[in-house]
Amino acid sequence: MSEGKGASEKRRAIRPKAYPARLREAAGRALSAPALRQGLAWCGRAALGVVLAAIRLSGGGRPLGVAWVAACGPGWPGFAALLGAVGGYLSGRGLDAALRYAACCILVFSVSFAFYDLPIYKRRWFMPLSAAALTLLTGFATQRRQLPLHPAATLLPLTAEFALTFLATHAGRTALARWRRPSPARRLENPAVIYDRAADRVCLRCAQREQCWQTQYQDTRDLLNSALPGLVEARTVTPALLPQRFRDRCARLDAFVAAMDEALDAYLLRHAPTPRRGGGGRRYDPAAELPRAVAAAVTSPACTLSALAGVAGRKKAGEAVSGDACAWFKDEVGRLYLLLCDGMGSGQEARRESDLAIDLLERLLKAGFSPENALKALDQTFCLRLDEALGFSTVDLLVLDLCSGAGTLYKLGSAPSYLKQGGTVRALRGKGFPAGLTAGESARGDVFPVRLGPGDCLGLFTDGVFDEDDGDDRWLRAALMDFENGSPAALAEAVVSRGGSPADDKTALVLRITLRDPDVSELSRKEAV
């Protein structure tokens, strides 16, 4: 017993400050987790619903809880506000008096849920007017007996409730919209997150974990902190950039360096400056160019092949913009990059997701990232979004060497692509998840090696092109088989005109490979790119 007690006291004496520091860091990471932040936000909405439901106006009405439910809208945030408001009404008043407002809250939430996908819901006046009208109707229903006896005394409070509900709902929706908008002056993360995440992945299964992160905890952090400025400046992690004493101690140095390198990529990506538009690439803007088909030729003086890309699309019926986006560009060695992304949902929110995916991938690829690492960084960025909105985007990424014709198609949860070579058309179907729904090695997605030559054609499509009820792609295969030397833009336009339904955005990006014309002047090639 004495020996065991002495050993326990010795362990406590060795690391008196390690556990408090680790607990503080673990608590900080837990409080910054998206799921916990979202749960706290829902609890806050419910609590505010209870408070607003308890506020009684001079005329005896309590419409602020109804206005709060209307401002929060559908989904879990609105449901949390509904629970809070209904609970506040039922606990703050008698059952008979509370039933009117509780029923009104349920009706308002049902209206927001039913009309959320329709264009009219996005009108600024729709939810305020709906909440005010339902407040007025429920008031008439509960006070129909007093109305003939005391019309003025009944109508005046109901009219005041109507106006107040309208104004309060409008103010609540405006405030929530501003609160969800990310701040432009966001404080930078602590760079220590780079090695913290690497340690969470690598050191948990290491035999020397207790020695490095408990007994010699402070020394380990000091060594890694001293290396961080050089790592951030070099924008990469190699063993030579880490202190010699750390390299001698680490039993899984290669794995730790690789994990730190991925964490550094994600860190730099989250804190990179806003990119400038353009940069030599061709960006396709569905909001400005739908439904007109566009085309561009991509060549390189040092290569034997030329690529002609054509794209066309249709917006979802009733939406102002398309949720799909695509871009193409080439680097200085003759590699062509094609990007097609489909954001979650439709309209402005989906467009934000697809634009974010396009921007990040384009910046990473132009900065020299490999496609695999660029896709992993994109997936990590979507998973670690600092704002409340949690979205995802499908990705089609083609990397093609215009000198040899060798290329690779990467797919993250995207719709099938079709490759025509000779007299056959082959479907390239992925089984992975979109960016933002998975992390780690699986974020690399599905990989399809291809080798394209003159006359070959590759079609990339979003899921709106395919009719889920039909499930028949014979028409698309036939269109590709009949396509020989025509315009890829015309084929893309024919595909989006024929396929799918108006219930979703749809975009077709068609690439045709030809031999480069040696007689084309350098000026013409620059204009075509």
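Residues numbered from 1 in each chain as written. Predicted model: local features only at pLDDT ≥ 70, side-chain atom pairs only at ≥ 80, totals over all residues. Heavy atoms only, no water.

## Let's talk about the overall build of the chain
- Within the chain, the secondary structure is distributed over 20 helices and twelve strands.
- Buried residues in the chain amount to 45% of all 529 residues.
- A separation of at least 24 residues holds for 70% of the contacts in the chain among residues at least 6 apart in sequence.
- Counting every atom, the chain has about 26300 Å² of accessible surface; 58% of that belongs to carbon and sulfur. (Helix = DSSP H or I, 4+ residues; strand = E, 2+ residues; numbered from the N terminus. Buried < 20%, exposed > 50% of the residue type's maximum accessible area, 1.4 Å probe, protein only. Contact = heavy atoms within 4.5 Å. Areas by Shrake-Rupley, 256 points an atom, 1.4 Å probe, with all protein chains shown as cover.)

## Concerning helix α5 (residues 75–92)
- For α5, built from 18 residues, the straight-helix expectation of 26 Å at 1.5 Å per residue is met to within 8% by its first-to-last C-alpha distance of 26 Å.
- Turning to α5, its buried residues number three or more, namely Pro 77, Gly 78, Ala 80, Ala 81, Leu 82, Gly 84, Ala 85, Val 86, Gly 88 and Tyr 89. (Expected span 1.5 Å × (residues − 1).)

## Looking at the pairing of strand β8 (residues 417–421)
- Counted residue by residue, β8 has four buried out of five residues, so it is predominantly covered.
- As defined by bridge partners, β8 adjoins strand β9 (residues 424–428) across five bridges and the pair is classed as antiparallel. When the sheet's bridge partners are listed, Ser 417 is paired in β9 with Leu 428.
- Here β8 runs beside strand β11 (residues 457–461); their pairing, made up of three bridges, is antiparallel. Counterpart to Lys 420 in the pairing with β11 is Cys 457. (Pairing = 2+ DSSP bridges.)

## Focus on the packing of aromatic side chains
- Summed over the entire model, instances satisfying the criterion amount to twelve aromatic pairs.
- Judged by centre distance (6.5 Å) and plane angle (65 degrees), the rings of Tyr 121 and Phe 126 are edge-to-face.
- Accessibility expressed as a relative area gives 8% for Tyr 121, which makes it buried.
- Over the aromatic face of Tyr 121 sits the side chain of Arg 173, whose NZ or CZ is 5.3 Å from the ring centroid. (Phe/Tyr/Trp six-rings, centres within 6.5 Å; stacked < 30°, edge-to-face > 60°. Lys NZ or Arg CZ within 6 Å of the ring centre and 35° of its normal.)

## Comments concerning the side chain of Thr 135
- Topologically, Thr 135 is positioned in helix α7 (residues 126–142).
- Among the residues examined, Thr 135 registers a relative accessible area of 1% and is labelled buried.

## Examining the pattern of salt bridges
- The final tally for this structure, using the stated rule, is twelve salt bridges.
- Taking the shortest distance from any N to any O, the salt bridge between Arg 249 and Asp 219 comes out at 2.4 Å. Placement of the pair is Arg 249 in helix α13 (residues 244–249) and Asp 219 in helix α12 (residues 217–234), with a sequence separation of 30 residues.
- Since its relative accessible area comes to 23%, Asp 219 is described here as partly exposed. (Salt bridge = Lys/Arg side-chain N within 4 Å of Asp/Glu carboxyl O.)

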